[in-house]
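Observations on the three-dimensional arrangement
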Amino acid sequence: MEPLDIDLDSAELDIPAEPALLNVGPAHPAMHGTVRIVMELSGETILKADVQVGYLHRGFEKMCERGTWSQVFPYVDRCNYVSPMLNNVAFALACEKMLGVQVPVRCQHYRVILGELARMSDHLTCTGAMAMELGAFTPFLWLIKAREMIWDLMEEETGARLTHSFGRVGGMAKPPTSGFKEHALAVKSQVLEVVAEAEKLLLGNRIFLDRLDNVGVVSAEDAVSLGWTGPCLRASGVAYDVRKAAPYMTYGQYDFEVPVGTRGDCYDRFVIRLEEVRQSARIIEQAVQQMPDEGPIDIDDPRIVLPPKDEVYTTIEGTIQHFKIVMEGLKIPAGEVYSYTEGGNGELGFYLVSDGSGTPYRVRIRPPCFLVTAGLEKVITGEMMSDVVPCFGSLNMIGGECDR
Amino acid sequence: MSQRVLDLLIQRFPQAVLETHAQHGDETAVVEAASWAKVAEFLKASPDISMEMLTDLTAVDYLEREPRFEIVAHFYSLSKGHRLRLKTRVGNAQGEGVEVATLVPLWAAANWMERECYDLFGVRFVGHPDLRRILMYPEFEGHPLRKDYIATRTQPLIEYRDAPNIDKVAPFGFDEGMSFGRQTHQFLTDEE
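Read on for a plain summary of the structure.

1. Here's the deal with the overall build of chain B
- Secondary structure summary: chain B contains four helices and seven strands in total.
- Here chain B holds 192 residues, and the buried ones make up 49% of them.
- If you take every contact in chain B between residues at least 6 apart in sequence, the share linking residues at least 24 apart comes to 50%.
- When the accessible surface of chain B is split by element, carbon and sulfur atoms take 50% of a total near 9,500 Å².

The structure is reproduced here in structure tokens:
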């Protein structure tokens, strides 16, 4: 063995100076299993990055062109599987816009409450996972505990915890359960308590803050040009929220704020999500107050809404109607529509083209995640290798929605 | 609401704007493919319109029409709060000549959306800096969202496994799931 104290002339040291190529993902815990980043590194600084998506592509849009309009609901569930209720409602709204109908007020409030709970669960998952990826495991468990409370409520209302398929064109699958309002209010306050606790665990932690502060800064111009929407855009200081800019359903009646960041770094994106959970809680509180206890959930149109089960079994009209809607699908007039709502990650749009039949001609989902992930390259170029994890975490890429 | 935008557009490009409509309150303009980028640039630069955001860009395949493809873009103005849908039509019945100018120099958002459009529809965006497949893998042949791409066609990178005495072993075959699936273009499968 050679002696260790060999006197090396510095000129003899052969340190490779060319940039190193590094592959991260798709099978990497911080890449959520669905993204691959090819990076060109100089030391630890990222010179170039190529973000590659598509590992979760399931042909959502192609599948939609094969079934009826109602058969799209289970697919949209699986787009953003962290807040499926928002997707359900968004698709139902798009179809209703094309049909020119509006659901009863009780249903609108019901959709808002379930949607805001889903948004809470989306933000809790994102912030929790982000903390976990940076090594803070306890806050993750805390926030997931809060998500569990929301999912319990969802289970009680819809029968499913994750993929509800609860939206329907012209209403919802079921009316609210008798204890819905009390349950929603209880969950809301429990979630807020847990969020406050988790925040104490994180926002006083120097290590955590150092990883986020001034990391992955995106200017407002860049964010707008990249087509960012939702919490990521608002963190860069642009107060664009579809619920305020173009209020749909009953959002115009509620009093809530749109939190806006100042620097557009990972810290802003993190804090804005937690603040939005609080704003969602405010909306839920008001919606519960304003939601009537009695009244229809579905619109009164037998061409759109399935008849009640007892009618299907006892009357010929009910049987025919059920058969027509299930086998042929409800007919949406020919034309095109773009309907947009505020999803968990930003503007969730549906561009639908109908040829007048019971099968969609084209269903295009405008995925907020896809555009946000498109900006990841810009966010991490010039940053350190270790900053990829908080940057990626703060963008809240949801594979199902990004790759569809 | 944004009818004014349509008026301004027709005033500026009387020849290029082929038709307009405002179905369901979504103002739409169809323009010539040759002036696609020019019109988009005007939409962004004009102080009365100032579409800062390209919210969506996609395509629709109308198999029976000529030109066959419709490129659809949705714009939103943050400062003015109005929206516009801009469309153009390209390509012949065989799916050739599907070309349109890129919008990447105007909006960074166009980069990935145009790549997706190229990947799934085979629309070539002239001048795009990096026109690669994005959702499908590089070995994939054809463009899956075209109506003449049969939905049951599969191109597995790894062959389906054929194990004796076992019903289902991943990767599954193409006919699993979708038991109710209805073919929108049944005539195409019949020809196969």
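2. Details of unusual backbone geometry
- Between Glu66 of chain B and the following residue, Pro67 of chain B, the backbone shows a cis peptide bond with an omega angle of -5°.
- With respect to the element layout, Pro67 of chain B can be found in the loop between β3 (53-61) and β4 (69-76).
- Even without a glycine there, the phi angle at Asn214 of chain A is positive, about 60°.
- By the secondary structure assignment, Asn214 of chain A is in the loop between α7 (206-212) and α8 (220-225).
- Positive phi outside glycine occurs at His24 of chain B, with the angle close to 50°.
- Summarising the element assignment, His24 of chain B is placed in the loop between β1 (17-21) and β2 (28-31).
- Judged by its relative accessible area of 28%, His24 of chain B is partly exposed.

3. Quick notes on the interface of chain B and chain A
- Residue-level contacts link 50 residues of chain B with 52 residues of chain A.
- Taken together, the connections running from chain B to chain A amount to nine salt bridges.
- At the boundary of chain B and chain A, one finds 25 residue pairs in polar contact (both at pLDDT 80 or more).
- For the side of chain B that touches chain A, the secondary-structure elements that each account for two or more residues are β3, β4, β5 (83-90) and α3 (110-121) of chain B.
- At nine residues, the largest contribution of residues to the side of chain B that touches chain A is made by β3 of chain B.
- Per-class residue counts for the side of chain B that touches chain A are 26 nonpolar, 12 polar and 12 charged.

4. Observations regarding the environment of Met172 of chain A
Residue and element names in this part refer to chain A.
- Relative to the elements of secondary structure, Met172 occurs in strand β5 (residues 171-172).
- The class for Met172 is buried, based on a relative accessible area of 2%.
- Separated by 84 residues in the primary sequence, Met172 and Asn88 place their C-alpha atoms 9.5 Å from one another.
- Once you skip the residues sitting within four places of it in the chain, Met172 turns out to touch Met85, Val89, Cys107, Tyr110, Arg111, Leu114, Phe166, Gly167, Ile297 and Asp298.

5. Considerations on the packing of helix α4 (residues 105-133) of chain A against helix α6 (residues 180-203) of chain A
Residues and elements named next belong to chain A.
- Where α4 contacts α6, the axes come no closer than 12 Å and their chain directions differ by 20°. Our classification of the angle between α4 and α6 gives roughly parallel. Helix-helix and strand crossings are classified by hand; for α4 and α6 the assignment is left-handed. Here Tyr110, Ile113, Leu114, Leu117, Met120, Leu124 and Ala131 of α4 come into contact with α6, specifically with Phe180, Ala184, Val187, Lys188, Val191, Val195 and Leu202.

6. Some words on the sheet that holds β4 of chain B
Residues and elements named next belong to chain B.
- The strand order across the open sheet formed by five strands is β1-β2-β5-β4-β3, and the pairing between neighbours is mixed. This sheet does not close on itself; its edge strands, each paired only once, are β1 and β3. Sheet twist, expressed as the mean angle between neighbouring strand axes with direction ignored, is 20°.
- The sheet strands contacting helix α2 (residues 36-45) are β2, β4 and β5, and the helix crosses β5 at an angle near 170°.
- Its contacts with the sheet place α3 against β3 and β4, and it is angled at close to 5° to β3.

7. Considering the packing of aromatic side chains
- Following the criterion strictly, the structure yields 18 aromatic pairs over all chains and no others.
- With centroids separated by 5.4 Å and ring planes inclined at 70°, the aromatic side chains of Phe91 of chain A and Phe350 of chain A adopt a geometry described as edge-to-face. Note that Phe91 of chain A is positioned in helix α3 (residues 84-99) and Phe350 of chain A in strand β7 (residues 347-354), a separation of 259 residues in sequence. When sorted by exposure, Phe91 of chain A lands in the same class as Phe350 of chain A, which is buried.
- Taken together, the ring pairs connect Tyr248, Tyr251, Tyr254 and Phe256 of chain A into an aromatic cluster.
- The side chain of Arg147 of chain A reaches across the aromatic face of Trp151 of chain A, ending 4.0 Å from its centre.
- The ring centre of Phe42 of chain B lies 5.6 Å from the NZ or CZ of Arg12 of chain B, which sits over that ring.

8. Quick notes on the pattern of salt bridges
- Counted under the stated rule, the structure contains 44 salt bridges over all chains.
- Note that Glu328 of chain A and Lys331 of chain A form a salt bridge whose closest N and O atoms lie 2.8 Å from each other.
- In the salt-bridge network here, residues are joined through shared partners; they are Lys97 and Glu336 of chain A together with Glu19, Asp26, Arg65, Glu70, Arg85, Lys87 and Arg89 of chain B.

9. Considering α2 of chain B
Residue and element names in this part refer to chain B.
- For α2, the full list of buried residues reads Trp36, Val39, Ala40, Phe42 and Leu43. Each buried residue of α2 sits inside an arc of 155° when the element is viewed along its axis, so together they form one side. The exposed set on the far side of α2, more than 90 degrees from its buried face, consists of Lys38 and Ala45.

10. Considerations on a nonpolar patch on the surface
Residue and element names in this part refer to chain A.
- On the surface, a nonpolar cluster with roughly 380 Å² of combined accessible area is contributed by Leu306, Phe323, Val326 and Met327.
- When you line up the elements, Met327 lands in helix α13 (residues 316-328).
- By relative accessible area, Met327 is classed as partly exposed at 46%.

11. Overview of the pairing of β5 of chain B
Residues and elements named next belong to chain B.
- With seven of eight residues buried, β5 lies mostly within the body of the structure.
- Direction of pairing for β2 relative to β5: parallel, over a ladder of four bridges. Within the sheet, the bridge partner assigned to Ala29 lies in β5 and is Leu86.
- Where β4 and β5 come together, eight bridges link them in antiparallel fashion. Its bridge partner lying in β5, Ile71 is registered against Thr88.

12. Notes on the sheet that holds strand β2 (residues 36-42) of chain A
All names here are of chain A.
- Read from one edge to the other, the open sheet built from three strands follows the order β1-β2-β3, with strand pairing classed as antiparallel. The outermost strands of the open sheet, each flanked by one partner alone, are β1 (20-24) and β3 (45-52). Averaged over all adjacent pairs, the angle separating strand axes in this sheet is 20°, with direction ignored.
- Alignment of β2 against β3, held across seven bridges, turns out to be antiparallel. In the strand pairing of β3, Ser42 is matched with Thr45.

Each value, and the rule that gives it
Residues numbered from 1 in each chain as written. Chains lettered and ligands numbered in written order. Predicted model: local features only at pLDDT ≥ 70, side-chain atom pairs only at ≥ 80, totals over all residues. Heavy atoms only, no water. Helix = DSSP H or I, 4+ residues; strand = E, 2+ residues; numbered from the N terminus. Buried < 20%, exposed > 50% of the residue type's maximum accessible area, 1.4 Å probe, protein only. Contact = heavy atoms within 4.5 Å. Areas by Shrake-Rupley, 256 points an atom, 1.4 Å probe, with all protein chains shown as cover. Salt bridge = Lys/Arg side-chain N within 4 Å of Asp/Glu carboxyl O. Polar contact = N/O pair within 3.5 Å; in protein donor to acceptor, adjacent residues only side chain to side chain. Nonpolar A, V, L, I, M, F, W, Y, C, P; charged D, E, K, R; others polar. Axes fitted to C-alpha atoms, helices over the stretch in contact; angles between N-to-C directions. Parallel < 35°, antiparallel > 145°, perpendicular 65-115°, else oblique. Left-handed = near helix turned anticlockwise from the far one by under 90°. Pairing = 2+ DSSP bridges. Phe/Tyr/Trp six-rings, centres within 6.5 Å; stacked < 30°, edge-to-face > 60°. Lys NZ or Arg CZ within 6 Å of the ring centre and 35° of its normal. Arc of directions from axis to C-beta. Patch = residues over 30% accessible without salt bridge, like charges linked within 9 Å, V, L, I, M, F, W, Y side chains within 5 Å.

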